[in-house]
Amino acid sequence: MRRRTLLTGITAGLVAAGTTPALARGHRTLHVRPGDSVQAAVDAVAGPGWTIVVHPGTYREVVDVPADKEHLTLRGATRDPRDAVIVYDNANGTRKPDGSGTYGTAGSATFTSAAPGLTVRDLTIANDWLRADHPDITGTQAVAAYTYGDRTRFDNVRLLAHQDTLFADTSALDTFDRQYFHRCHIEGDVDFVFGRATAVFDRCHFRTLQRDVSFTPKGMVFAPSTARANPHGILAVRCRITSAAEDGAYKLARPWVPSYETTAWPSLVVRDTWIGPGIDPAAPYTNMRDAYPWQSMRFHEYRDSGPGAVITVPGNRPQLTASEAASHTPAAYLGDWRP
C-alpha cells in the first residue's frame, strides 16, 4: 500500500468506530476524546440544540447525522481544524462488508448529514481513499462530506479528498435546501464541489490537487446540478482558487445533469474571487456530456481576478452586469436565513 499523504502533518492515534464516548453531560454538551466515537455521541443526542465537542485526535470512522438531530453543533475543541480529524476511506466502488453491493457515490461519504440547522466548525473531515491503492476499482468517487439538510453551516472546516470531495445536495428533487460554507478549505481533483443545493461559499479556499495523469484537464472544481426551478445554485464569493498542479491543468466547472434528473439546469456564479494559474483562462468550462453543453447552463462570473480569471477568448466566460450581480449575493441566496 502506498503511504497516505492526505493527512500529512497530523499526528494522533486512530480510533475504532463503535466505541462509547465519555459523554460529559452539562448544558446539552457531549465531549468526545481519543478512544471514543463521534457516531456514538451523535446517537446519544436527544432532541434539538445539542453540541458535540470533538477533542484533538484522529477519529477513523463513518459519521451519519440523521434528520431528527436538528440544530446540532459539531465542533472541534480548538480553533485549529487540523487538531480534530474525522476520516475514512470508502469509495463508490468499495464493496460493502455484507456483500450487498458497493457503496455508491453518496454512500462513500465519511460524514453524512440530513439534519436541518446543522453547524460544523473547527474540524477536518476527510476521505483518504486513493486511486493508486485500488487499481481494480473503477468507481473512484470518494466523498468526504455529503450534506442535504436545510440551513447547514460549515465554518472553518477542512474538507479533504480527491474526487467528489463535497456533495452539497438537497433532501428531495423539489426542495431548495440552503448551505453556507465560511472560511473553509476544500481540496480535490474531479468535480470536488458538486450537487443541487443552494450553496454559498464565502471566503473559502479551493485547492486543486496534482494528478498522475497525462491528459488535461486533470479535473474540475465545481459540478453543479441545480434544479431548473431553483433560481440559486452554487455561489462562490470572496474566495481563492489555488493549485498544486501545473498552470492551466484544471477547469473551473462543468455542468452535471444526472440521469435521474434530466431537467436539471446547473447554476454557478463565481464572483469577487482570486483565481490562480491552475485554472485554464482560455477555456475555463467544459462539458460532462455533450448533450448538455455548458454554454446552455447558468454559468457566470463577476469581478474575478488573478491569472486564471483573465478573459482571453470572448464569450468563453460569461460575465454578470453590475445590476445582475446584485441578485447573486449571500443574502439573496439564503433568503430569511442569516447564518
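Our subject is the structure that appears above.
In short, a report on the structure.

Reading the values: the criteria
Residues numbered from 1 in each chain as written. Predicted model: local features only at pLDDT ≥ 70, side-chain atom pairs only at ≥ 80, totals over all residues. Heavy atoms only, no water. Helix = DSSP H or I, 4+ residues; strand = E, 2+ residues; numbered from the N terminus. Rg over C-alpha atoms; globule rule 2.2 N^0.38 Å. Buried < 20%, exposed > 50% of the residue type's maximum accessible area, 1.4 Å probe, protein only. Salt bridge = Lys/Arg side-chain N within 4 Å of Asp/Glu carboxyl O. Phe/Tyr/Trp six-rings, centres within 6.5 Å; stacked < 30°, edge-to-face > 60°. Core = buried A, V, L, I, M, F, W, Y, C linked by side-chain atoms within 4.5 Å. Contact = heavy atoms within 4.5 Å. Pairing = 2+ DSSP bridges. Axes fitted to C-alpha atoms, helices over the stretch in contact; angles between N-to-C directions. Lys, Arg positive; Asp, Glu negative; His and termini not counted. Polar contact = N/O pair within 3.5 Å; in protein donor to acceptor, adjacent residues only side chain to side chain. Disulfide = S-S within 2.5 Å.

Some points on the overall build of the protein chain
Of regular secondary structure, the protein chain possesses four helices and 25 strands. The C-alpha radius of gyration computed for the protein chain amounts to 19 Å, which stays within 12% of the reference 20 Å derived for 339 residues, consistent with globular compactness. Overall, the protein chain is about 60 × 50 × 35 Å in size when its C-alpha atoms are taken along their principal axes. Among the 339 residues that make up the protein chain, the fraction classed as buried is 58%.

A look at the pattern of salt bridges
Using the criterion set out here, one finds 20 salt bridges in the structure. We note a salt bridge from Asp-189 to Arg-131, for which the minimum N-O separation is 2.8 Å. Here Asp-189, found in the loop between β15 (185–188) and β16 (193–195), pairs with Arg-131, found in the loop between β9 (124–127) and β10 (145–147); they are 58 residues apart in sequence, far enough to count as distant. Residue Arg-131 is classed as partly exposed on the basis of its relative accessible area of 25%. For the salt bridge of Asp-191 with Arg-254, the shortest nitrogen-to-oxygen distance reads 2.8 Å. A residue pair is termed long-range when its members are at least 10 positions apart, and Asp-191 in the loop between β15 and β16 and Arg-254 in the loop between β22 (250–253) and β23 (267–271) qualify at 63 residues. The class of Asp-191 is buried, set by a relative accessible area of 6%. Given the relative accessible area of 15%, Arg-254 is considered buried. One continuous salt-bridge network, built from bridges that share partners, spans Asp-150, Arg-151, Arg-178 and Asp-336.

Overview of the packing of aromatic side chains
Counted according to the given criterion, the structure contains 13 aromatic pairs. Ring geometry for Phe-167 against Phe-194: centres 4.3 Å apart, planes inclined by 20°, an arrangement best described as stacked. Residue Phe-167 is found in strand β13 (residues 166–168), and its partner Phe-194 is found in strand β16; the two are separated by 27 residues along the sequence. The exposure class assigned to Phe-194 is buried, which follows from its relative accessible area of 4%. Pairwise contacts between aromatic rings join Phe-111, Phe-154, Phe-181, Phe-201, Phe-206 and Phe-222 into one cluster.

Notes on the nonpolar core
The biggest cluster of nonpolar side chains holds 62 residues, and the ones touching the most others in it are Ile-52, Phe-111, Phe-154, Phe-201, Phe-206 and Phe-222. Each residue touching Phe-222, except ones within four places of it in the same chain, is listed here: Val-193, Phe-206, Ile-234, Ala-236, Leu-252, Ala-253, Arg-254, Leu-268 and Val-270. With ten residues, the next largest nonpolar core counts Val-200, Tyr-302, Tyr-333 and Leu-334 among its residues.

Considerations on the sheet that holds β10
Taken in spatial order, the seven strands of this open sheet run β4-β7-β10-β13-β16-β19-β22, and their pairing is parallel. The two strands at the open ends of the sheet, each matched to only one other strand, are β4 (63–65) and β22. Averaged over neighbouring strand pairs, the angle between their axes works out to 15° when direction is ignored. Across three bridges, β10 lies against β13 in parallel orientation. For Thr-147, the partnering residue across the bridge sits in β13 and is Ala-168.

So, the side chain of Arg-298
Along the chain, Arg-298 turns up in strand β25 (residues 298–302). Among buried Asp, Glu, Lys and Arg side chains, Arg-298 stands out as unpaired, with Glu-261 the closest opposite charge at 8.9 Å. At 3.3 Å, the side chain of Arg-298 forms a polar contact with the backbone oxygen of Ala-227. Sequence-distant contacts of Arg-298, that is, excluding residues within four places in its chain, are made with Thr-226, Ala-227, Arg-228, Asn-230, Pro-231, Trp-265, Pro-266, Ser-267 and Leu-268.

Side note on unusual backbone geometry
One can expect most non-glycine residues to show negative phi and most peptide bonds to be in trans. A cis amide bond links Thr-216 to the next residue, Pro-217, at an omega of 0°. One non-glycine residue, Arg-183, lies in the positive phi region at around 55°. Looking at the secondary structure, you find Arg-183 in the loop between β14 (178–182) and β15. The residue Asp-191 is not glycine, and still its phi comes out positive at about 50°.

Regarding the state of the cysteines
Applying the stated criterion to the full structure yields zero disulfides. Take Cys-204: it sits in no disulfide, and the sulfur closest to it among the cysteines is that of Cys-184, at 4.7 Å. The closest cysteine sulfur to the non-disulfide-bonded Cys-239 is located on Cys-204, 4.9 Å from its own sulfur. Cys-239 gets classed as buried once you look at its relative accessible area, which sits at 3%.

A look at the side chain of Thr-73
Following the sequence through the fold, Thr-73 ends up in strand β5 (residues 73–76). Beyond its immediate chain neighbours, meaning those up to four positions away, Thr-73 contacts Trp-50, Thr-51, Ile-52 and Thr-119.

Quick word on the sheet that holds β23
What the ten strands build is an open sheet, ordered β1-β2-β5-β8-β11-β14-β17-β20-β23-β25; its pairing is parallel. Strands at the two margins of the open sheet, each flanked by one partner only, are β1 (29–32) and β25. Pairs of neighbouring strands in the sheet enclose a mean axial angle of 10°, with direction left out of account.

Read these as spatial facts, not as claims about activity.
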